[in-house]
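Listed below are the residues making up each chain.
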Amino acid sequence: FERSLDDFALDQERFPPFDSSKDLSVPPYIGMREVLGFVRHARPVPEREFLAAFTGKLWQDVAEAAEVRGRVARLAEHPGMAIHAFATINDMYGPTGMQTMMGNA
């Protein structure tokens with residue numbers, strides 16, 4: 001689960017909430033079947049329709065997450081972006097939807 005920065009007594013100067021050298025989206029666990037699904041759905045780069053892809057919950061109950069993810073969601077109107085921002089877990093893509101979207105970006 002995600003928590004607000006207000007829940008921590010961290011100095012944001014010493015411990016910034018975002019660091020581009022380390023903040024990548026990596027699933028906590030991914031089995032070989034899912035890995036092979038990403039390989040199977042990966043299009044050759046020249047055939048891909050999107051420059052960037054994002055799929056994730058908006059986390060309306062965590063102010064920082066909602067603000068940043070809301071900005072990402074608004075990028076959906078721009079060409080070359082594949083954005084699937086959802087309000088509930090029920091609206092999320094399953095493995096095949098995620099693999100297909102990411103394989104096209």
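Throughout what follows, the structure given in this document is the object of discussion. (Residues numbered from 1 in each chain as written. Predicted model: local features only at pLDDT ≥ 70, side-chain atom pairs only at ≥ 80, totals over all residues. Heavy atoms only, no water.)

### Comments concerning helix α2 (residues 63-74)
Argument step 1. Here α2 is twelve residues long and its end C-alpha atoms lie 16 Å apart, about the 16 Å a rise of 1.5 Å per residue gives.
Argument step 2. When α2 is considered as a whole, its buried residues turn out to be Ala65, Ala66 and Gly70. Down the axis of α2, the smallest arc covering the buried residues is 125°, so these residues share one side. (Helix = DSSP H or I, 4+ residues; strand = E, 2+ residues; numbered from the N terminus. Expected span 1.5 Å × (residues − 1). Buried < 20%, exposed > 50% of the residue type's maximum accessible area, 1.4 Å probe, protein only. Arc of directions from axis to C-beta.)

### Focus: the packing of aromatic side chains
For any two aromatic rings, the description comes down to two numbers: the centre-to-centre distance and the angle of the planes.
Argument step 1. Enumeration according to the criterion identifies zero aromatic pairs in this entry.
Argument step 2. Between lysine 57 and the ring centre of tryptophan 59, over which it is positioned, the NZ or CZ distance is 4.0 Å. (Phe/Tyr/Trp six-rings, centres within 6.5 Å; stacked < 30°, edge-to-face > 60°. Lys NZ or Arg CZ within 6 Å of the ring centre and 35° of its normal.)

### Some remarks on the side chain of threonine 55
Argument step 1. As for its placement among the helices and strands, threonine 55 is situated in strand β1 (residues 52-57).
Argument step 2. Given a relative accessible area of 19%, threonine 55 falls into the buried group.
Argument step 3. Polar contacts involving the side chain of threonine 55 include one to the main-chain carbonyl oxygen of histidine 84, which spans 3.3 Å.
Argument step 4. In this structure threonine 55 touches His84, Phe86, Tyr93, Met98 and Met101, once residues within four positions along its chain are discounted. (Polar contact = N/O pair within 3.5 Å; in protein donor to acceptor, adjacent residues only side chain to side chain. Contact = heavy atoms within 4.5 Å.)

Interpretation in functional terms is not warranted from these geometric data alone.
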